[in-house]
Amino acid sequence: MTRPPPWARVRESGWWRVVRSFSRNWRLPLAAAALASLTACAGRPTGVLLPIADTAHSPGTSHVDMLVATTRKAATDRGVMFSGERGDAVTYTDLAVSIPPDATRQPGSVQWPKSLPGNPATDFVALRAEPIERAKVAGWTGRTGRRGAKRHVLVFVHGFNNKFEDAVFRFAQIVHDSGAEVAPVLFTWPSRGSVLAYGYDRESTNFSRNGLETLLRDLAKDPNVSEVTVLSHSMGNWLTLESLRQMAIRDRRVAPKIRNVILAAPDVDIDLARAAFHDMGPDRPRLTLMVSGDDQALAVSRLVWGDSIRLGAIDPTAEPYRSELARQNIGVLNLSTVKGEDPLNHGKFASGDVVALLGKRLADGQPISDGQIGIGDKLVSTAAGAASTVATGAALAVAAPVAIVDPQTRESFGEHLSNVGSGFKETIGSTVDLAGAPVRAVTGSR
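No experiment lies behind these values; they were computed from the predicted model shown.

**Here we look at the nonpolar core**
Line of reasoning, step 1. One finds Val155, Leu215, Leu216, Val228, Ile258, Phe277 and Leu311 to be the most contacted residues of the largest nonpolar core, which totals 52 residues.
Line of reasoning, step 2. It is helix H8 (residues 236-251) that provides the largest number of residues to this core, a total of six residues.
Line of reasoning, step 3. Core analysis: the second largest hydrophobic core is formed by 38 residues, Phe124, Ala172, Phe349 and Ala350 among them.

**So, the pattern of salt bridges**
Line of reasoning, step 1. Evaluation of the coordinates by the stated rule reveals 16 salt bridges.
Line of reasoning, step 2. Salt bridges linked by common partners bring Glu213, Arg217, Arg250 and Asp251 together as one network.

**Regarding unusual backbone geometry**
Line of reasoning, step 1. Residue Pro117 is bonded to the preceding Leu116 through a cis peptide linkage, with omega at -5 degrees.
Line of reasoning, step 2. The residue Pro117 is located in the loop between strand S2 (82-99) and strand S3 (125-132) in this model.
Line of reasoning, step 3. Following Glu319, the chain continues to Pro320 via a peptide bond in cis, the omega torsion being 10 degrees.
Line of reasoning, step 4. With respect to the secondary-structure elements, Pro320 resides in the loop between helix H10 (296-304) and helix H11 (321-327).
Line of reasoning, step 5. For Arg252, which is not glycine, the phi dihedral falls at a positive 70 degrees.
Line of reasoning, step 6. Note on placement: Arg252 falls in the loop between H8 and strand S7 (258-264).
Line of reasoning, step 7. Even without being glycine, Asn329 reaches a positive phi, approximately 60 degrees.

**A look at helix H5 (residues 164-178)**
One turn of an α-helix holds 3.6 residues; hence residues three or four places apart share an orientation.
Line of reasoning, step 1. If you check H5, its first and last C-alpha atoms are 21 Å apart, about what 15 residues at 1.5 Å a residue would give, namely 21 Å.
Line of reasoning, step 2. The element H5 is largely enclosed, with a buried count of 13 among its 15 residues.
Line of reasoning, step 3. Downstream of H5 by a residue or two, Gly179 has a phi angle that is positive, lying close to 70 degrees.

**Here we look at the packing of aromatic side chains**
Line of reasoning, step 1. Enumeration over the complete set of coordinates arrives at five aromatic pairs.
Line of reasoning, step 2. Ring centres 5.0 Å apart and planes at 55 degrees place the aromatic pair Phe82 and Phe164 in the tilted group. One end of the pair, Phe82, is in strand S2; the other, Phe164, is in helix H5, with 82 residues separating them in the sequence. The exposure classification of Phe82 matches that of Phe164, with both residues buried.
Line of reasoning, step 3. Pairwise contacts between aromatic rings join Trp112, Phe124 and Phe169 into one cluster.

**A few points about the pairing of strand S8 (residues 286-291)**
Line of reasoning, step 1. For S8, the buried fraction is high: five of the six residues fall into the buried class.
Line of reasoning, step 2. Across five bridges, the pairing between S7 and S8 is parallel. Residue Leu263 lies in a different strand from S8, and its bridge partner there is Leu289.
Line of reasoning, step 3. The parallel pair S7 and S8 is bridged by helix H9 (residues 270-280), and the resulting crossover is right-handed.
Line of reasoning, step 4. Where S8 meets strand S9 (residues 330-334), five bridges bridge the pair, whose relative direction is parallel. Residue pairing across strands places Val291 opposite Asn334, the latter belonging to S9.

**So, the sheet that holds strand S1 (residues 62-74)**
Line of reasoning, step 1. Taken in spatial order, the nine strands of this open sheet run S3-S2-S1-S5-S4-S6-S7-S8-S9, and their pairing is mixed. The strands lining the two open edges of the sheet, one partner per strand, are S3 and S9. Each strand axis lies, on average, 20 degrees off the axis of its neighbour in the sheet, ignoring direction.
Line of reasoning, step 2. Here S1 pairs with strand S5 (residues 182-188) via four bridges, running parallel. What sits directly across from Val68, in S5, is Leu186.
Line of reasoning, step 3. Of the strands in this sheet, S1 and S2 are in contact with helix H6 (residues 198-207), which crosses S2 at around 90 degrees.

**Observations regarding the environment of Leu289**
Line of reasoning, step 1. Secondary-structure assignment places Leu289 in strand S8.
Line of reasoning, step 2. Those residues within four positions of Leu289 in sequence are excluded, and the remaining contacts are Leu263, Pro266, Leu311, Ile314, Ile330, Gly331, Val332 and Leu333.

Rules behind the numbers
- Every chain begins its residue count from 1, and numbering advances along the sequence as written.
- With pLDDT at 70 or above as the cut-off, local features in this predicted model cover only qualifying residues; side-chain atom pairs require 80 or more to be listed or tallied, and sums for whole chains, interfaces and linings still use all residues.
- In computing side-chain properties, one takes all heavy atoms of the structure into account and sets aside hydrogens as well as water.
- The term nonpolar core refers to a set of buried residues drawn from Ala, Val, Leu, Ile, Met, Phe, Trp, Tyr and Cys, joined through side-chain atoms within 4.5 Å.
- We call a residue buried when its accessible area falls under 20% of the maximum for its residue type, exposed when it is over 50%, and partly exposed in between, using a 1.4 Å probe and counting protein chains only.
- A run of H or I in DSSP becomes a helix once it reaches four residues, and a run of E becomes a strand once it reaches two; helices and strands are each numbered from the N terminus.
- We define a salt bridge as a contact between a side-chain nitrogen of Lys or Arg and a carboxyl oxygen of Asp or Glu at a distance within 4 Å.
- Given the number of residues in a helix, its expected span is that number minus one, multiplied by 1.5 Å.
- Two rings from Phe, Tyr or Trp (for Trp, the six-membered ring) form a pair when their centres are within 6.5 Å of each other. A pair whose planes differ by under 30 degrees is stacked, one over 60 is edge-to-face, and the rest are tilted.
- Paired strands, as defined in this entry, are two strands with at least two bridges between them according to DSSP.
- Crossover handedness is defined by viewing with both strands directed away from the observer: a clockwise path from the first strand over the helix to the second marks the crossover as right-handed.
- Angles run from 0 to 180 degrees between N-to-C directions of axes, and those axes are lines fitted to C-alpha atoms, restricted for helices to the stretch in contact.
- Any two residues having at least one pair of non-hydrogen atoms within 4.5 Å are treated as being in contact.

What follows is the structure, encoded as structure tokens:
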């Protein structure tokens, strides 16, 4: 009897059979207790950004006021605000988030409401979400910038697989835990919030280049702003580099107020990164590359990228990269010894220790990486950002191990499998070992 192909076995087997198959046949090192706890986790409620009443009755809470610029399409649900679809123009929102008292949360963590409305004493909740016109952004920076003597703006560009609320709450956490006196500006692009929507997300970054460039140019021209730092993660680095490259080509240089660009696990082809650095010119911002040697999600993506070397996959201690980084004056921040808050160690850039460090360096006006930071013992290599899932086999290879540890991903995993169709039969069979490849990447086995 002919054995069914991998795509058919996965689609017909259901979630628990996939897990059991991985655990039995490829010895995935996940504890049974962890799997049981994840299975018990219910999905997050929808509409967590619907503003609640004032939190004055919840002592110890903190508020983060941020400006949100997005190329996403507005959602019909006020609590969702923006979907993963692409909008017709850049939309701006004045948004405030309440963060629970420090005594009830760990730095680096986002505490999601288990039911609506959220409880500000224990949950991240929205307090305000008001549309704002682009022409009035300078008024927002004027009000917010006065709180900090340096009138410093921090722009955050999120990565692959982020819904709107993911980006909002994560950025609020980063700003709060950093303790930096900055005016927070979030740029969020149309991501569908699914590990299997890599192709769509990647094209959405290209779709959003003009929007981010316009935002950065407006901030650079704003008299209320003295300095801009850009922090981007994973796929968001491609968007950031492309937008800065466009600005340099249009204006013959990157705006001088944009002084620091922090590239966390950049999912960018190394040759395209070189071209972007070159096109930005000699007066480009100070660049800092964040690496980590134990990011398991990035290790999986390394497998499916093939021979295309990613900027986040280089070993900065090896030649020619060590000399090239020095020549390009690109700093490297090693996070290998930092404890990750998530099971895959993919969100270290947002951990309490890291953002506190960044906040202090930014407040002092010092370079992000100058050899005195003390994070890690040596520079290490890291794999690329979210993997390319243009090939369907790669899509499933990346999704499977992530789905095991991420209940949010599990909710969409079955839906995507049902849409795969028989057309992918030959592709998966020929391009990737569906289960073995990601497990080998995570465990280091061969």
